[in-house]
Every structure is written in C-alpha cells, then in structure tokens.
Amino acid sequence: MIFQSIQGTKVPALGFGTWKLNGLPCEEAVQEAIDIGYRHIDTAAMYGNEEYVGNGIQLSGIARNELFVTSKVWHTHLSKEKLRSSAEDSLRKLNIGYLDLLLIHWPNPDVPLEESIGAMLELQQEGKIRHIGVSNFSTTLLQKALQFTAIFCNQVEYHPYLSQKPLLDLCQQQGILLTAYAPVAHGEVMHDPVLQEIGKKYGKSPIQVTLRWLLHQPFVAAIPKAGSNTHRKNNFDIFDFTLKEEEMQAIFKLNRNSRMVNPSWAHEW
Ligand SMILES: NC(=O)c1ccc[n+]([C@@H]2O[C@H](COP(=O)([O-])OP(=O)(O)OC[C@H]3O[C@@H](n4cnc5c(N)ncnc54)[C@H](OP(=O)(O)O)[C@@H]3O)[C@@H](O)[C@H]2O)c1
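Computed from a prediction, not measured in an experiment: that's the story for all the values here.

*Asks:* What is the right way to look at the UniProt feature "site: Lowers pKa of active site Tyr" (unreviewed entry) in the protein chain in this model?
*Replies:* Summarizing the sequence annotation, UniProt attributes the feature "site: Lowers pKa of active site Tyr" (unreviewed entry) to Lys-72 in the numbering used throughout. Along the chain, the position of Lys-72 falls in strand β5 (residues 68-73). By relative accessible area, which is 0% here, Lys-72 ends up buried. Setting aside its immediate chain neighbours within four residues, Lys-72 contacts Asp-42, Thr-43, Ala-44, Ala-45, Tyr-47, Leu-102, Leu-103, His-105 and Gln-155. A polar side-chain atom of Lys-72 sits 3.0 Å from the main-chain carbonyl oxygen of Thr-43.

In structure tokens:
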C-alpha cells in the first residue's frame, strides 16, 4: 500500500468506493475488500448503505484503528442542526465509534459555509469525527473553506480524461488530500489505446495503469468502486510496478475535460 501523509495522518492512498452498493452485496463487498487489503472505505449518507458498510466492517474482524472510513453529509443537510443529526445518524448506522473523515458532499450556496464548518468543528471536538473535509469544491470554494478551518481533503472527480491541475496544485501547496472519485471513469479507460499500450509493457490492464498513475501523484488518493470481487482484486494489484515519467506525461495528455458526474445542483466548476 502507498500512504499519503496528510496533516500528520497516514491515509491509505487506495480506497474502496461504495456508491451503488447496497444490502447484502454491499456487506460482502466491504468484507471482501478488507480481506484483500483495502484499509480505506468511502461511503455517504446519500448512498443509503452505511448500515451494510458497517456490517461488512464488523464481519471482517478488522481492528477499528487499522481502517480509514469516510462518510459525507448531503447538500440539503448543511445547517448546524441537520449536519449534526446526519453525521450522528451515519455513525449510528456504521457503528464504528468515530469517522476518520466527514465531508460536505456538495457545496450549497444557501447555507453559510462557516455554519457547516462550525458544526463539523463541534463534532471533531467531541471525538465523533477525526478530520473535516469537502467534496466537489472548486479552487475558489476550497480557498473560502480554508478561511474557517484546516481542510483535510477535497474529494472530486479525477481520472485521465478530467484534469484537476489547478485544484491539485492548491491541495499540494496546502497539504490537502485530493481524493479521486470515478477514478477509472466508470470503466471507460478500459478501451483507451494509450493506456492499453502502457499496460502491455507491465502485464497490467488500462484500469490498473490508471490507478497507478493516480497514486504516483503526491497528495492523491483513489477510491475505485467494484461490485465484482475479481475487479476488487485487480484494482488492488497495482503495487508491483511503477510508471516512467514519459508514461505519466502521456496519460496527462489524455485530458479532454470530460466530466462523468455533473448534477443540476453542481456549482460553476
Ligand atoms: N463525492 C462524490 O460526489 C462522489 C461521486 C461519485 C463517486 N464517489 C465515490 O467514488 C467511488 C468511485 O466512483 P464511481 O463508483 O462513480 O466510479 P468508478 O470507480 O470510476 O467506476 C466504477 C465502475 O468501474 C467498474 N470497474 C471497477 N474496477 C474495474 C476493473 N478492474 N475492471 C473492469 N471494470 C471495473 C465497476 O464495475 P463492477 O462494479 O461491475 O465491478 C463499476 O462499473 C464511488 O463508489 C463513491 O464512493 C463520490
């Protein structure tokens, strides 16, 4: 495993995403992911699966302090009272004592950021959450959030087809983790001739090359989701090769500013 050292905390750079996993398959997926070696799990109140993620964690038998668990508060729940109640509900469902990281899932211009961050700071002081972060924040919004507290992470869409250069530059300057969601562009990278060609040299798939490319970048973590256990194993099998600088650059050139997640409530990127 590769770790990113963020504000004194070691974060496993490869995590497991759970969006669209639910019920027993979600429980099994989380348990199996932990068996494979994943130690960083991503969920959200909005995914409606925290109870199953929590069951998967219990079933794995892993010690709590070996895991890094993230959850998120939905953008309709950012007022002081709603944020607290959402986070406490997440904790009850996950049943893991504390969250390593709580994120504002999407910004909401109708609720002052200071109010949401104030509520998160209270939860942090009470030991319910270890770190405070955001998701889907632009550089401008991230800079605004930094006026109120230390931000641990900004979770955003990031893969070879969507550059995040200005945001990553800011995260690297400020010591903030950039967690890449949709890191394999929902599987689309599989068909890419450049990634296929690079993968051939190492006996790796375009998806494995993509994950390795992300993890070579300082301050970046990636949280691929895989319902299939074969995919979960393949995605974890990326620590026995490294990419050359020219291969890294060839992958950066694949950028076409293509966003897979752009809902109606997203702000100006
Ligand atoms: N903060 C946010 O707003 C936000 C938004 C989106 C996602 N996320 C988080 O990021 C995680 C990952 O993003 P995502 O789920 O949207 O997209 P993703 O991880 O890029 O793609 C998931 C898709 O790729 C397939 N896949 C994964 N590994 C594969 C492999 N080795 N070979 C072939 N196909 C493979 C999966 O198939 P199978 O399932 O069939 O294995 C699934 O269809 C989410 O689960 C969630 O935790 C956060």
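*Asks:* Would you mind going over helix α10 (residues 245-252) with me for this structure?
*Replies:* Three- or four-residue spacings in an α-helix give side chains the same orientation, since the helix completes a turn every 3.6 residues. Turning to α10, its buried residues are Glu-247, Met-248 and Ile-251. Looking down the long axis of α10, one finds its buried residues gathered within 105° of arc, a one-sided arrangement. The exposed residues of α10 that point more than 90 degrees off its buried face are Glu-245 and Glu-246. Looking at the buried side of α10, the elements it contacts are α7 (193-202) and α8 (206-215).

*Asks:* Which parts of the structure should I look at to understand the site of the ligand?
*Replies:* Asp-42, Lys-225, Gly-227, His-231 and Asn-235 are the nearest of the 27 residues found near the ligand. At 3.4 Å from an oxygen atom of the ligand is found a main-chain nitrogen or oxygen belonging to Ala-185. One of the side-chain N or O atoms of His-186 is found 2.9 Å from an oxygen atom in the ligand. For the ligand, the accessible surface in isolation is 900 Å², of which the surrounding protein chains cover 86%. Split by residue class, the shell around the ligand holds 12 nonpolar, 12 polar and 3 charged.

*Asks:* When you look at the UniProt feature "binding site: substrate" (unreviewed entry) in the protein chain in this model, what are you seeing that I'm missing?
*Replies:* Within this structure's numbering, the places UniProt gives as "binding site: substrate" (unreviewed entry) are His-105. Leaving out residues up to four positions away in the same chain, His-105 has contacts with Ala-44, Met-46, Tyr-47, Lys-72, Val-73, Trp-74, Ser-135 and Asn-136.

What counts, and where the lines are drawn
- Residues numbered from 1 in each chain as written.
- Predicted model: local features only at pLDDT ≥ 70, side-chain atom pairs only at ≥ 80, totals over all residues.
- Heavy atoms only, no water.
- UniProt positions renumbered as here; feature names shortened; annotations may be inferred.
- Helix = DSSP H or I, 4+ residues; strand = E, 2+ residues; numbered from the N terminus.
- Buried < 20%, exposed > 50% of the residue type's maximum accessible area, 1.4 Å probe, protein only.
- Contact = heavy atoms within 4.5 Å.
- Polar contact = N/O pair within 3.5 Å; in protein donor to acceptor, adjacent residues only side chain to side chain.
- Arc of directions from axis to C-beta.
- Near = heavy atom within 4 Å.
- Areas by Shrake-Rupley, 256 points an atom, 1.4 Å probe, with all protein chains shown as cover.
- Nonpolar A, V, L, I, M, F, W, Y, C, P; charged D, E, K, R; others polar.

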